[in-house]
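# Close look at the chain arrangement
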Amino acid sequence: MEVLDAPIDDKAKRMRDLLSSFYSQDNSTSNSDSVDLSNASGRYATLDSINATGFDADQYMNLLVQKSNLNGLLHKHVEMAAEIKNLDTDLQMLVYENYSKFISATDTIKRMKSNIVGMEVNMEQLLEKILSVQSRSDGVNTSLCEKREHIEKLHRTRNLLRKVQFIYDLPTRLGKCISSESYADAVRLYTGAMPIFEAYGDSSFLDCKRASEEAIHIIIKNLQGKVFSDSESIQIRAESVMLLKQLDIPVDSLKDQLLEKLEQFLADLNLVSAEASQDPVNLDKDPEQENTPNLTSSAHGASTRELVEAVRAYGAIFPDSKEQLIKLLKDLVLKHFDAIQKHINKNISVEDLLELLRSVWTNVLLMDEVLPEASLPVFAMEAAHTAVKKYIASAFSCLLLDISDPFKKLQSSPKESSEEHYSLQAALDASKRTVLQGSLDKLLDFRQLLEETFGLLPNMKYLIIDWVQEGFQDFFGKLDELFHSLSGKYALVSRGSAEGLQGDKVLSGVVLVMAQLSLFVEQNAVPRITEEIAAAFSGGSARVHENGPAFVPAEICRNFHISSEKFLHLYVKMRTEKISGLLRKRFITPNWTKHKEPREVHMFVDFLLQEVEAIGSEVKQILPEGPRHKHRRTDSNGSTTSSRSNTLRDDRMSRLNTHKARSQLLETHLAKLFKQKVEIFTKIEHTQGSVLTTILKLCLKSLQEFVRLHTFNRSGFQQIQLDTQFLRTIIFKEIAEDEAAVDFLLDEVIVATAERCLDPIPLEAPILDKLIHAKLKKSSE
């Protein structure tokens with residue numbers, strides 16, 4: 001077994017050494033490693049050390065025999081035989097792979113040997129030719145050396161003569177430049193001659209130097225004159241400064257003066273008026289408009305571009321002047337937005353505002369190219385925020401003034417019957433249209449601001465939404481304040497002058513119109529506007545609202561509901577007070593204890609009915625009819641009783657029983673009072689019948705109170721009876737809606753008069769009917 005294994009081990013060792021030597025990168029390192037490994041294997045021999053460089057076969061076999069049995073040795077033999085076979089195969093593949101490279105290298109070496117043969121001869125021939133060319137070149141250089149030096153000397157002389165000729169011709173050329181105002185060429189020629197003048201100006205070219213300096217002195221004066229000339233453009237003045245700087249003329253004073261010129265030009269930009277150009281902004285002609293700048297005119301745009309170019313030139317001439325230029329350009333941007341503010345004060349349309357903002361943004365971009373350090377787009381954005389916010393606020397202010405115009409026209413219109421009635425209806429219709437349609441039109445205008453895509457507005461989308469919502473909230477709040485102001489509680493301040501409506505001079509119809517308009521705002525205008533805002537102006541909240549949402553329709557509706565009720569009660573109060581004044585005059589004038597026997601219905605009844613008719617005319621124009629039903633005494637189920645207690649009525653009846661013959665009518669009316677309880681004062685509705693009936697009830701109650709303040713004789717009592725019965729006939733027939741309550745109050749007037757009468761004997765029924773029919777006939781005629 002040892003005899004068979006020996007050749008295999010030698011062969012494997014040889015193959016391993018070949019592979020190790022082929023792939024080894026450092027022989028010294030491998031040798032040192034092999035020594036170290038051999039020493040290590042000697043000290044720490046294991047079965048895994050077979051792959052080490054210093055492998056000891058005998059020691060390995062001894063160790064293998066000691067640790068393995070026969071089967072293990074046979075198995076190890078099979079494994080090692082397979083590994084040896086694999087190594088042989090790998091070596092063969094390695095040799096085959098490199099065989100073609102070895103052949104190619106051999107062929108290359110053979111070709112190199114054949115090509116090198118004869119090269120030395122060719123190199124010797126080339127060297128001989130190079131030496132021949134060099135000798136001939138040296139001969140040519142030797143023969144042409146003198147001529148070349150002469151030519152170079154002549155060339156230098158020619159250049160010197162040209163320079164001399166240029167110096168002698170310089171005064172003439174400078175004079176021609178002065179004549180043609182070609183100052184840039186003159187400065188270029190003179191600066192080119194300055195080195196010669198510095199070297200030879202005091203000797204050879206003294207006269208030329210003096211003549212040139214005189215010409216340059218004239219040029220300097222002319223350039224300085226252009227700098228300070230108002231007729232020259234700023235660009236030409238800036239070029240003149242640059243030329244003076246090239247001539248080493250101190251320009252510090254010119255710098256300040258030119259900056260003043262720029263500032264003056266900036267101030268003069270505001271003198272371009274809208275009247276002098278075709279401005280798309282259509283404004284009414286007034287004195288203030290004449291000084292309103294037209295930012296969209298071609299003249300203004302050219303002036304702005306001229307100023308920007310001047311700033312560019314100024315910055316190039318004076319690089320250390322950026323702070324002044326930044327301030328100058330920011331002032332220009334502010335002037336643009338000041339002009340927009342003036343246009344906004346004139347109530348421009350949204351199209352005109354967008355056109356102005358586009359023009360300003362174009363100029364801002366132009367200026368930003370010249371001086372980006374100024375951050376003008378950011379600066380313009382902040383100014384645009386203020387302008388757009390003011391436009392929205394101005395739009396609401398104008399809408400508020402438009403709503404107040406019909407009321408002021410109504411207040412100042414003649415108080416003739418037909419015209420006043422027409423004015424009430426016209427004022428209500430105009431105000432309704434202005435509140436609703438005007439608000440919707442403003443929303444359309446504001447929507448154009450949201451849909452704009454140019455530089456300034458897209459970044460303000462959420463701010464515009466907030467401003468619109470806040471604007472409507474504030475608008476309705478001011479509208480409510482305006483209604484209270486028009487009702488006489490405050491002074492209404494109009495455009496440019498304080499113009500108030502005093503409380504005692506306010507038309508009652510104006511108050512009624514405001515009551516109905518407040519109801520319209522609550523029920524129609526606010527819900528419709530809320531829908532439009534939700535559709536196109538939702539999703540704002542760019543700023544945090546401390547007190548909740550910007551637009552709260554529920555709060556607005558609640559305020560206008562309260563205001564409508566207040567105005568309706570105020571209208572009733574104003575009309576009632578006027579009739580109460582008429583009643584006061586009626587009862588103060590005569591001496592009721594000496595009143596004559598009644599012959600006809602008193603004329604105060606006509607005045608009272610005229611007032612009631614006027615109230616009915618106003619109410620019919622403004623308020624809807626409402627449900628048509630007559631509230632008769634038999635229909636009443638109210639809870640308000642007569643103003644007297646049952647005890648007092650019993651006492652009164654006992655006293656009147658002693659005068660049965662004289663108090664028959666009074667007993668009849670007193671009996672009616674106990675038939676059923678009557679509800680007198682109910683809630684006022686926004687209907688014709690409710691308002692008119694409420695006023696009648698209050699007037700009759702006032703009539704009852706006035707009766708209680710006087711003492712009547714029989715004739716006075718009968719006059720009040722006649723007047724009251726006539727009122728009963730007219731009111732029940734044409735006016736009253738709540739007949740039960742009115743009938744009750746008329747009975748109260750008769751009872752109160754009887755109580756205050758010295759001899760309460762009523763008129764007989766035939767006489768009463770005769771006098772009433774006579775009055776009705778007279779009225780019909």
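Per an unreviewed UniProt entry, the protein carries the name Vacuolar protein sorting-associated protein 51 homolog and comes from Heracleum sosnowskyi. Per UniProt, the protein carries the Function (unreviewed entry) text "Acts as component of the GARP complex that is involved in retrograde transport from early and late endosomes to the trans-Golgi network (TGN)." Under the heading Subunit (unreviewed entry), UniProt records this for the protein: "Component of the Golgi-associated retrograde protein (GARP) complex."

## Quick notes on unusual backbone geometry
One non-glycine residue, E181, adopts positive backbone phi at about 60°. Here E181 lies in the loop between α5 (119-180) and α6 (183-200). At S375, a position not held by glycine, the phi torsion is positive, near 50°. Counting through the fold element by element, S375 comes out in the loop between α12 (350-370) and α13 (376-412).

## Digging into a nonpolar patch on the surface
Nonpolar side chains collect at one region of the surface, where M112, I116, M119, M123, L126 and I130 lie side by side and expose about 600 Å² of accessible area between them. If you list the elements that add at least two residues to the nonpolar patch, you get α4 (70-116) and α5. Per element, the largest residue contribution to the nonpolar patch is 4 residues, and it comes from α5. Relative to the helices and strands, M112 resides in helix α4.

## Overview of the side chain of H484
You can see H484 is positioned in helix α15 (residues 461-486). Using a relative accessible area of 11% as the deciding quantity, one classes H484 as buried.

## Observations regarding the confidence of the model for the protein
In regions of low pLDDT, the predicted coordinates are not meant to be interpreted in detail. In the predicted model, the protein carries a mean pLDDT of 75, and the fraction of residues at 70 or more is 75%. Per-residue pLDDT, averaged within each element of the protein, yields its smallest value for helix α19 (residues 646-657) (39) and its largest for helix α16 (residues 508-536) (88). Here residues 1-6 scores under 50 on pLDDT; set against residues more than four positions off or in separate chains, the count is 1 contact. Between residues 414-422, whose pLDDT stays under 50, and residues either more than four places distant or in other chains, the model counts 10 contacts.

## Some points on the pattern of salt bridges
One pass over the structure, following the stated rule, counts 16 salt bridges. Across the pair D331 and K327 runs a salt bridge, and its minimum N-O distance is 3.3 Å. Note that D331 and K327 are positioned in helix α11 (residues 322-345) at a spacing of 4 residues, about one turn of the helix. Take K327: its relative accessible area is 54%, and that puts it in the exposed class. For R358, the salt bridge goes to E452, with nearest N and O atoms at 2.8 Å. With R358 in helix α12 and E452 in the loop between α14 (417-451) and α15, the pair connects residues that are 94 residues apart, well separated along the chain. For E452, a relative accessible area of 12% corresponds to the buried category. Each member of the salt-bridge network shares a partner with another, and the members are R575, K578, E611 and E618.

## Observations regarding the packing of α16 against helix α18 (residues 603-622)
To describe two helices that pack against each other, one gives the angle between their axes and the distance between the axes. One can describe the packing of α16 onto α18 by two numbers: an axis separation of 10 Å at closest approach and a directional angle of 25°. Put simply, α16 runs roughly parallel to α18. Where α16 crosses over α18, the handedness of that crossing is right-handed. From α16, S508, G509, L512, V513 and Q516 reach across to α18, where they touch E618, V619 and I622. Considering only residue class, the contact of α16 with α18 consists of 4 nonpolar, 3 polar and 1 charged.

## With respect to the environment of N363
With respect to the secondary-structure elements, N363 resides in helix α12. Judged by its relative accessible area of 7%, N363 is buried. Between the C-alpha atoms of N363 and L332, which are 31 residues apart in sequence, the distance is 9.7 Å. Each residue touching N363, except ones within four places of it in the same chain, is listed here: T304 and H336.

## As for the nonpolar core
Across soluble globular proteins, you tend to see nonpolar side chains buried next to one another. Formed by 169 residues in total, the largest nonpolar core has its most connected members in F337, L449, I464, F472, F476 and L479. Top element by residues in this core is α13. It accounts for 16 residues. Excluding residues that lie within four positions of it along the chain, F337 makes contacts with L357, V360, A380, A383, A384, A387 and L456.

## A word on the packing of aromatic side chains
The relation between two aromatic rings is expressed through the spacing of the ring centres and the mutual angle of the planes. Evaluated as defined, the whole model comprises 15 aromatic pairs. Aromatic side chains F407 and F483 sit 5.9 Å apart centroid to centroid with 65° between the ring planes, which places their arrangement in the edge-to-face category. Here F407, found in helix α13, pairs with F483, found in helix α15; they are 76 residues apart in sequence, far enough to count as distant. Residue F483 is classed as buried on the basis of its relative accessible area, which comes to 0%. Here the aromatic rings of F587 and F706 are separated by 6.3 Å at their centres, their planes lie at 15°, and the arrangement is stacked. Note that F587 is positioned in helix α17 (residues 553-588) and F706 in helix α21 (residues 688-707), a separation of 119 residues in sequence.

## Comments concerning α6
In this model α6 runs 25 Å from its N-terminal to its C-terminal C-alpha over 18 residues, within 8% of the 26 Å that 1.5 Å per residue would give. Of all the bends in α6, the greatest, near 40°, is centred on M194, and the proline P195 appears no more than four residues after it. Along α6, the positions that sit buried rather than exposed are Y183, A186, V187, L189, Y190, A193, I196 and F197.

Calculation notes
- Residues numbered from 1 in each chain as written.
- Predicted model: local features only at pLDDT ≥ 70, side-chain atom pairs only at ≥ 80, totals over all residues.
- Heavy atoms only, no water.
- UniProt positions renumbered as here; feature names shortened; annotations may be inferred.
- Helix = DSSP H or I, 4+ residues; strand = E, 2+ residues; numbered from the N terminus.
- Patch = residues over 30% accessible without salt bridge, like charges linked within 9 Å, V, L, I, M, F, W, Y side chains within 5 Å.
- Areas by Shrake-Rupley, 256 points an atom, 1.4 Å probe, with all protein chains shown as cover.
- Salt bridge = Lys/Arg side-chain N within 4 Å of Asp/Glu carboxyl O.
- Buried < 20%, exposed > 50% of the residue type's maximum accessible area, 1.4 Å probe, protein only.
- pLDDT = per-residue confidence, 0-100.
- Contact = heavy atoms within 4.5 Å.
- Axes fitted to C-alpha atoms, helices over the stretch in contact; angles between N-to-C directions.
- Parallel < 35°, antiparallel > 145°, perpendicular 65-115°, else oblique.
- Left-handed = near helix turned anticlockwise from the far one by under 90°.
- Nonpolar A, V, L, I, M, F, W, Y, C, P; charged D, E, K, R; others polar.
- Core = buried A, V, L, I, M, F, W, Y, C linked by side-chain atoms within 4.5 Å.
- Phe/Tyr/Trp six-rings, centres within 6.5 Å; stacked < 30°, edge-to-face > 60°.
- Expected span 1.5 Å × (residues − 1).
- Bend = angle between axes of the 7 residues up to and from the residue.

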